[in-house]
Amino acid sequence: MLNLDDMIESGIINSPDIKISKADYQASKQQSIQADADYLPQVNLTAEAGKQGVDYGTQSSTIALSNDSDLLLASINAKQLIYDFGKTGGNMESFENQSYAFKASLQQKISDKIYAVKKAYYALLSDHALIEVNTENITLNSQQLYRSERYFEAGIRTKVDVTDARVNLIEAQLGLQNTKYDMSLSLVNLKKEVGMDNENETYNTEIYIQRPESADIYASLPKLLLPVSQYKEEAYKNRAELDQYIQLLKAAQSMYKQVEGDYYPSVYAKGDYLVQEVDKNAFAPEEQWKAGISLEWNLYSGNKTDALNEEARVIIMRAQADLENARLRIQKEVNDAYIQVNKQLDNTRLSQSLSIASKEKFSQVQKRYEYGLADYIELQQARQSYIDSRARLMQSYYGYYTAMAALDRAVGK
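Note that residues are indexed from 1 along each chain, following the sequence as it is written. The predicted nature of this model means local features are confined to residues of pLDDT at least 70 and side-chain atom pairs, given and counted, to a pLDDT of 80 or more, with totals for whole chains, interfaces and linings taken over all residues. The basis for every side-chain value is the complete set of non-hydrogen atoms in the structure, without hydrogens or water.

J.: Describe the overall build of the protein, and please don't skip the residues or the numbers.
T.: Here a strand is any run of E in DSSP of at least two residues, a helix any run of H or I of at least four, and the numbering for each starts at the N terminus. Of regular secondary structure, the protein possesses nine helices and four strands. Going from N to C terminus, the protein has its helices and strands arranged as α-α-β-β-α-α-α-α-α-β-β-α-α. Note on method: radius of gyration uses C-alpha positions; expected globular size equals 2.2 Å times residues raised to 0.38. Here the protein has a C-alpha radius of gyration of 39 Å; the compact-globule value for 413 residues is 22 Å, and the former is much larger. In terms of overall dimensions, the protein has C-alpha extents of about 145 × 45 × 35 Å along its principal axes. Pairs of residues are marked as contacts when any of their non-hydrogen atoms sit within 4.5 Å. Taking as baseline every contact in the protein between residues at least 6 positions apart, the subset at least 24 positions apart corresponds to 83%. Element-wise, carbon and sulfur atoms account for 54% of the exposed surface of the protein, whose accessible area totals about 23,800 Å². Exposure was quantified through the Shrake-Rupley algorithm and a 1.4 Å probe, taking into account, for residues, occlusion by the shown protein chains and nothing else.

J.: Residues and numbers for the pattern of salt bridges, please.
T.: Here a salt bridge means any side-chain nitrogen of Lys or Arg lying within 4 Å of a carboxyl oxygen belonging to Asp or Glu. On inspection of all chains with the given rule, the structure shows 20 salt bridges. Asp-408 is paired through a salt bridge with Lys-118; the nearest N and O atoms lie 3.8 Å apart. Residue Asp-408 is located in helix H9 (residues 376-410), and its partner Lys-118 is located in helix H3 (residues 87-153); the two are separated by 290 residues in the primary sequence. Taking the relative accessible area as the measure of exposure, Asp-408 reaches 21% and is therefore partly exposed. We call a residue buried when its accessible area falls under 20% of the maximum for its residue type, exposed when it is over 50%, and partly exposed in between, using a 1.4 Å probe and counting protein chains only. Exposure remark for Lys-118: the relative accessible area of 17% places this residue in the buried category. Through salt bridges with shared partners, a single network forms among Asp-112, Arg-239, Glu-241, Arg-329, Glu-333 and Arg-409.

J.: Give me a nonpolar patch on the surface: which residues, what numbers.
T.: The grouping of Val-43, Leu-45, Ile-76, Tyr-273, Val-275 and Trp-289 at the surface amounts to a nonpolar patch, some 630 Å² of accessible area in total. Inspection of the secondary structure puts Trp-289 in strand S4 (residues 287-296). Nonpolar side chains (Val, Leu, Ile, Met, Phe, Trp, Tyr) are joined into patches within 5 Å and like charges within 9 Å, using only residues with over 30% relative accessible area and no salt bridge.

J.: Hey, could you go over the side chain of Gln-258 for me, with residue numbers and the actual values?
T.: Note that Gln-258 resides in helix H7 (residues 240-260). The exposure class of Gln-258 is buried, given its relative accessible area of 19%. Those residues in contact with Gln-258 that lie beyond four places of it in its chain are Gly-86, Lys-87, Gly-90 and Asn-91.

J.: Pulling in residues and values, what's your account of the environment of Gln-288?
T.: Topologically, Gln-288 is positioned in strand S4. Judged by relative accessible area, which is 44%, Gln-288 ranks as partly exposed. Distance in space between the C-alpha atoms of Gln-288 and Ala-269 is 18 Å, their sequence separation being 19 residues. Excluding residues within four positions of it along the chain, Gln-288 makes contact with Asp-272, Tyr-273 and Leu-274.

J.: Let's hear about helix H8 (residues 304-370): which residues, and what values?
T.: For H8, with 67 residues, the first-to-last C-alpha span of 93 Å sits near the 99 Å given by 1.5 Å per residue. Gly-372 lies just past H8 and shows a positive phi near 75°. Helix span, as expected, comes to 1.5 Å for every residue beyond the first.

J.: So what about the side chain of Ser-99? Which residues, and what values?
T.: Mapped onto the secondary structure, Ser-99 falls in helix H3. Judged by its relative accessible area of 6%, Ser-99 is buried. Here Ser-28 takes part through its side chain, which lies 3.2 Å from a polar atom of the side chain of Ser-99. The contact partners of Ser-99, leaving out residues within four places of it in the chain, are Tyr-25, Ser-28 and Lys-29. We define a polar contact as two N or O atoms separated by no more than 3.5 Å, with the added condition that, inside protein, one atom must be a possible hydrogen donor and the other a possible acceptor, whereas residues neighbouring each other in sequence contribute only through side-chain atom pairs.

J.: Run through the nonpolar core, naming residues and quoting values.
T.: Tyr-121, Leu-190 and Val-334 are the most contacted members of the largest nonpolar core, which totals 68 residues. If you tally residues by element for this core, the top one is H9, at 16 residues. In this view, Val-334 contacts Val-228, Tyr-231, Lys-232, Ala-235, Leu-407, Ala-410 and Val-411; residues no more than four positions away in its chain are not counted. The definition of a nonpolar core used throughout is a set of buried Ala, Val, Leu, Ile, Met, Phe, Trp, Tyr and Cys residues joined through side-chain atoms within 4.5 Å.

J.: Talk me through the packing of aromatic side chains; I want residue IDs and the actual numbers.
T.: For Phe, Tyr and Trp, where Trp contributes only its six-membered ring, two rings pair if their centres lie within 6.5 Å, and the inter-plane angle classes them as stacked under 30 degrees, edge-to-face over 60, or tilted in between. Under the criterion given, the structure shown has eleven aromatic pairs. A centroid spacing of 5.4 Å and a plane angle of 55° characterise the contact between Tyr-121 and Tyr-122, whose relative ring orientation is tilted. Residue Tyr-121 is classed as buried on the basis of its relative accessible area of 1%. You can call Tyr-122 buried: its relative accessible area is 7%. Put simply, the rings of Tyr-121, Tyr-122, Tyr-397, Tyr-398, Tyr-400 and Tyr-401 touch in pairs and so form one group of aromatic residues. Sitting above the plane of the Tyr-369 ring, Arg-157 keeps its charged end 4.0 Å from the centroid. Any Lys NZ or Arg CZ found within 6 Å of a ring centre and within 35 degrees of that ring's normal is scored as a charge over the ring. Across from the ring centre of Tyr-218, 4.8 Å away, lies the NZ or CZ of Lys-223, which sits over that ring.

J.: Tell me about the packing of helix H1 (residues 4-14) against H3, and name the residues and values.
T.: The convention used is that axes are lines fitted to C-alpha atoms, helices contributing only their stretch in contact, and that angles between N-to-C directions extend from 0 to 180 degrees. Put simply, H1 and H3 touch, their axes get as near as 9 Å, and they point 135° apart. Taken together, the axes of H1 and H3 are oblique relative to one another. Crossing of H1 over H3 shows right-handed handedness. Along the contact surface, H1 presents Leu-4, Met-7, Ile-8, Gly-11 and Ile-12, while H3 presents Ile-110, Lys-113, Ile-114, Val-117, Lys-118, Tyr-121 and Tyr-122. For classification purposes, angles smaller than 35 degrees are called roughly parallel, those larger than 145 roughly antiparallel, those between 65 and 115 roughly perpendicular, and all remaining angles oblique. When the near helix sits turned anticlockwise from the far one by under a right angle, the crossing is termed left-handed; a clockwise turn instead gives a right-handed crossing.

J.: Tell me what's going on with unusual backbone geometry, and back it up with residues and numbers.
T.: At Phe-85, a residue that is not glycine, the phi angle is positive and equals roughly 60°. Looking at the secondary structure, you find Phe-85 in the loop between strand S2 (66-83) and H3.

J.: Break down helix H4 (residues 159-194) for me, citing the residues and quoting the values.
T.: With 36 residues, H4 should reach 52 Å at 1.5 Å per residue; the first-to-last C-alpha distance of 53 Å fits that figure. Note on H4: the residue one or two positions beyond its end, Gly-195, has a positive phi of about 85°.

J.: Got a sec to walk through the environment of Gly-50? Specific residues and values, please.
T.: With respect to the secondary-structure elements, Gly-50 resides in strand S1 (residues 42-55). Take Gly-50: its relative accessible area is 35%, and that puts it in the partly exposed class. In the structure, Gly-50 is positioned 322 residues away from Gly-372 in sequence and 118 Å away in space, judged by C-alpha atoms.

As structure tokens, this is what we get:
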């Protein structure tokens, strides 16, 4: 039997969105490693084999004017960054912050998937409960049709009561049929969120159906213990989406530090070593090396550096706006979810009271009808009021758990 935790675990494992987000995060980690490599020495090895020709033209006769020789050489050169005014550091930090942002995005997608599975699960349970309510409605209408037919045969009631009873029974059957189709749609949606094959028919009977824990449905519901302000504080601390925008802002700031460094030179330590084997007729060194400090400075790039710096400032402004917008959106989501939880809680309390009162009224009207003190319309209204109150009670009950799931997502659980 699959419970909610099993389905959440399956959804996290099978979700294509989460797999894509994991791949993005893994790729970003490799990009960060690539950026870190700019702090390490760059070493290159070159090997070459071939022939070499030299022609000195009219130079001194002490040197052969021209000759051809075989050539075999190997060279190695190394380059180590010493200082570049934050260009490499800014680039490395930018990639690291982007990697953290991808990680936060992955965590947020997991949170979204948990909520999606819960929402689909409770929608299925709500439809399942409505099937039970509609089944009871059919039973009540079938009993009334039987009584109406007996009363008509006995001459106590008119033919119209029988007709009305038959119409109400058909309407109840139609309601049950539509609810069954709605439950099938809910099951398809749940399978999609869980990542299960819709062709797996056995899965339909393997889902655990959570029902109210006691006859007092309202009392069985878990209640909120904190004010909305504390839920907001929890969201600001735990919400992965907010951390994602914080990291993107840091990445933008690091990128600005990188492009700002383009106004200044870069200082490197360089070294080269060459060894070669040549014919005795060749006029070339057999071994050569060079070491030193070099300064590289792009003095003019056609205003490219200015444009990159201005673009980086704009990106920072955009990242700051995105972060503030995320804060406002999260604040709204917490407020909305908190209000919905309390709304569904009150709806459950009142729907439970209404269900009890409606059932009692229906029982009283039914007795009055049997004694000829109430007409069929009054009986039908009392029965429908009872059925509607039961349906609202079940919808409020599962709606409460859906609202709780939305609040958990809003605060980053």
